[in-house]
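Chain by chain, the residues:
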Amino acid sequence: FQSSSTLGVIQHGDVVSDRGRIVHRNLELLSAFHVTVPGPDLGLDALQVRETGEVLFSIGSDVPAPQVGQLRHGDLLSNSGTIVARNAELLARFHPAVSKDYGLDAVYVWPNGEIWFSTRDGFEDTQLGTIGSGDLLSDEGMVIFHNLELMAAFAPVEDVSSFGLDALFVVTDLTGPAAPSRFTNIVHNPGRGTVSMQWTGPGKVFQVLKAAQVNGLYMPISPLMPSVDYEDATGPGYYRLRQW
């Protein structure tokens, strides 16, 4: 845990924002399960916030829950008080040599119900071979990416097979925000030769596109980013926004 001069104690199971606030306390996420937590909190491993505001998550320690039985560290939970998937259900189409709870470290639930995830512990699959704790899996029984595939662009120098996978964020065109994003402020800074811009929109990530002419070819000039502001250092032009 960490101690904040403005927020007090931040536990390792709390959801925090880079804007300096506590989004959810761990005990708030678990409140609908009516568990009696032994200690400050149960930790937090997997996390996905859905468009409806529902929070999907996993915990770091097992705990009894009066209404649904034992909550295990490999189960996918909802802050509505339901178990979305037991660890055994996530791994049902795999073939672990040893039957046990392998934990749940990262998760993404697709609109069609398919679940991408990583396990806290690696395992030997009798058909697929070694599954590492950093591999991205599907509950359809597939390895989406091995960990070293995810890390390839970083060219790690360490000779290890897996660096782990604790968080997962998927940017996809499969679903998109219903409402468009829009610029709220665009300012040319002649002294610096830059253009500062701000916008608003329901997307989770954005990208700024630019063209020399209003009806020209718009090309990306920014990375994909969750922020709602950007400064273009290449001078003025015509701008559009993409969002996901």
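Please read these numbers as outputs of a predicted model, since none were measured by experiment. (Residues numbered from 1 in each chain as written. Predicted model: local features only at pLDDT ≥ 70, side-chain atom pairs only at ≥ 80, totals over all residues. Heavy atoms only, no water.)

Enquirer: Which residues make up the sheet that holds strand E9 (residues 76–78), and what are the values?
Expert: Across the sheet, 4 strands lie side by side as E5-E6-E9-E10; this open sheet has antiparallel pairing. Pairing within the sheet leaves two strands with one partner each, and these edge strands are strand E5 (47–49) and strand E10 (82–85). Across the sheet, the mean angle from the axis of one strand to that of its neighbour is 25°, orientation sign disregarded. Bridge count for E5 against strand E6 (residues 55–57) is 3 bridges, and the pairing is antiparallel. Paired with Gln48 across the bridge in E6 is Leu56. (Pairing = 2+ DSSP bridges. Helix = DSSP H or I, 4+ residues; strand = E, 2+ residues; numbered from the N terminus. Axes fitted to C-alpha atoms, helices over the stretch in contact; angles between N-to-C directions.)

Enquirer: Can you lay out the pairing of strand E4 (residues 21–24) for me, pointing to particular residues and giving the numbers?
Expert: Judged from the 3 bridges that link them, strand E3 (residues 15–17) and E4 form a sheet pairing that is antiparallel. Opposite Val16, over in E4, you have Ile22 as the bridge partner. Where E3 folds back on E4, the antiparallel hairpin that results is connected by 3 residues, among which Gly20 adopts a positive phi of roughly 85°.

Enquirer: Explain the packing of aromatic side chains to me, using residue names and the numbers behind them.
Expert: What the rule picks out here adds up to 7 aromatic pairs. Residues Phe183 and Trp199 carry aromatic rings whose centres are separated by 6.3 Å and whose planes lie at 90° to one another, so their mutual orientation is edge-to-face. With a gap of 16 residues between them, Phe183 in strand E17 (residues 182–189) and Trp199 in strand E18 (residues 194–200) connect regions that are remote in the sequence. On the basis of relative accessibility, which here comes to 4%, the residue Trp199 falls in the buried class. Site record: aromatic cluster; members linked through ring pairs are Phe94, Tyr102, Phe117 and Phe123. Taking the ring centre of Tyr218 as reference, the NZ or CZ of Arg240 above it sits at 4.0 Å. (Phe/Tyr/Trp six-rings, centres within 6.5 Å; stacked < 30°, edge-to-face > 60°. Buried < 20%, exposed > 50% of the residue type's maximum accessible area, 1.4 Å probe, protein only. Lys NZ or Arg CZ within 6 Å of the ring centre and 35° of its normal.)

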